[in-house]
Amino acid sequence: MTDSPFRLRSVLDQEFAPWARMIADTYGMDRSEEELAHQRDATDLGRTLAAFDGGVPVAGASIYRRMLTVPGGVLPVAGIASVGVAPTHRRRGILTSMMRTQLTGLHEHRREPIAVLRPSEAGIYGRYGYGPATLGNQMRYDRRAMRFRPGTDFGEGTIRLLHAGQARPILENVYDQARTTTPGWPDRQAPHWAVRLADHPHRRGAATALRFAVHQETDGRATGYALYRHSSEPDAAVVQVVELAALSRQAYAALWRYLAGIDLSTWIDYEGAVDEPLPHLLADPRAVRAAPVDRLWLRPVDVDRALAGRSYSLPIDLVLDVRDDFCPWNTGRHRLQADGGNAACEPTTAPADLRLTAAELGAAFLGGTSLTTLAAAGLVEELRPGALPLASAAFRGDREPWYPGGWAFPLY
């Protein structure tokens, strides 16, 4: 079924540059030749859609296969990105047609059981069954008030500033260890790192080039890093922390002590997790201003395979009555059974315990948004007394899920 008069097909190699420039233009961005080369290396043209009008690309979307940390393990996911429709061709059903084509293809070929994306606008993708699964915490620290609590353990390690070539293999190693501990972190292959660390001058604005601070233990092992820039605002200097990863609480504290010690700066900006530990290390937690914002949105492509692919914090045996208007193969009742690290989910005719849509499952999947909260908003209905608090507790994890990348999920 198509929702648009424009036929969709995959992009040919010689069409990639005009296609990518068209997508960038929908976001008000330019693409340099170097950026196009990085993006092309990371793009699977066989999973890249385009709509053409007279041979000119007017819309597109890509799928990037990634491995995403979920509660209790790692799952392959379809990372949806490079989604755009030219302003000349809006409101003609092209976006809906691309979304339907992607999800139907994933289902029919039994590919990734969940799809994720980082929307530029939060109001677009709910109608396609995506729900906000992670929050970012946009924080601004008053560097002058960042005094650490007495007794904070900074360890015995040291921090060195390295150039990009020295730092990259260290960053890759630390990140690959850190990503398995927090739901929401994706893997990064070489093309993803190339995009993540690309430092194009025209993208910096008033900021400096990236700095690479690496934390090392006394035996030389790298156990953390911070990527940051210096920038200027009227009457203030800002340290922009692009990414921070640490393998121990001591490395985490030491990296933040280093950042707080950078002279001639007034503010430190960082987007971290909702339950970021740093405020609890400070003598004055009010040194930080924080504002949560939705980041990674998720939807189950196949409910049974998705729910069986993660673990649950409590033993459960629940029947979920799922409505999925956009992917009708998911509509119906599903029995979810889990005990310890093993989970199974299959269609059933048994009476339902909870009723919800695919978007609510997506929001709760990584253990962030609670089913109890969604029920308070009228989005989840308890059909058997006691089922809601049990299900909500079982879906939750020890830490809040968090996505550490930039705005375009599959490339970073």
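As shown above, the structure is provided for reference.
Residues numbered from 1 in each chain as written. Predicted model: local features only at pLDDT ≥ 70, side-chain atom pairs only at ≥ 80, totals over all residues. Heavy atoms only, no water.

K.L.:
Could you give an account of the packing of aromatic side chains, naming the residues involved and the relevant values?
P.N.:
The geometry of an aromatic ring pair is captured by two quantities: the separation of the ring centres and the angle between the planes. Counted by the stated rule, this structure contains 13 aromatic pairs. Measuring from centroid to centroid gives 6.1 Å for Tyr-228 and Tyr-258, while their planes differ by 65°, and the two rings are edge-to-face. One end of the pair, Tyr-228, is in strand S10 (residues 222-233); the other, Tyr-258, is in helix H6 (residues 249-260), with 30 residues separating them in the sequence. Within the aromatic cluster, the residues linked to one another by ring pairs are Tyr-141, Tyr-175, Trp-185, Trp-193, Trp-256, Tyr-270 and Trp-402. Here the basic side chain of Arg-144 rests over the ring of Trp-267, its NZ or CZ set 5.9 Å away from the ring centre. Above the ring of Tyr-312, the side-chain terminus of Arg-310 is found at 4.3 Å from the ring centroid. (Phe/Tyr/Trp six-rings, centres within 6.5 Å; stacked < 30°, edge-to-face > 60°. Helix = DSSP H or I, 4+ residues; strand = E, 2+ residues; numbered from the N terminus. Lys NZ or Arg CZ within 6 Å of the ring centre and 35° of its normal.)

K.L.:
Can you lay out the pattern of salt bridges for me, pointing to particular residues and giving the numbers?
P.N.:
This structure, assessed with the given rule, holds 28 salt bridges. Between Arg-203 and Glu-35 there is a salt bridge whose closest N-O contact spans 2.8 Å. Pair noted here: Arg-203 is in the loop between helix H5 (190-197) and strand S9 (211-216) and Glu-35 is in helix H2 (residues 33-42), with a separation of 168 residues, a long-range link. On the basis of relative accessibility, which here comes to 9%, the residue Glu-35 falls in the buried class. (Salt bridge = Lys/Arg side-chain N within 4 Å of Asp/Glu carboxyl O. Buried < 20%, exposed > 50% of the residue type's maximum accessible area, 1.4 Å probe, protein only.)

K.L.:
For the sheet that holds strand S4 (residues 73-85), give the residues involved together with the corresponding values.
P.N.:
Strand pairing in a sheet relies on backbone hydrogen bonds, with the paired strands running either antiparallel or parallel. The seven strands lie next to each other as S1-S2-S3-S4-S5-S14-S6, forming an open sheet whose pairing is mixed. The open sheet is flanked by strand S1 (8-10) and strand S6 (131-132), the only strands paired with a single partner. The pairing of strand S2 (residues 48-53) with strand S3 (residues 56-70) spans six bridges and is antiparallel. The partner of Asp-53 across the bridge, within S3, is Val-56. (Pairing = 2+ DSSP bridges.)

K.L.:
Quick rundown of the environment of Gly-93? Include the residues and the values.
P.N.:
Counting through the fold element by element, Gly-93 comes out in the loop between S4 and helix H3 (94-108). Using a relative accessible area of 24% as the deciding quantity, one classes Gly-93 as partly exposed. Spatially, the C-alpha atoms of Gly-93 and Arg-384 are 40 Å apart, while their sequence positions differ by 291 residues.

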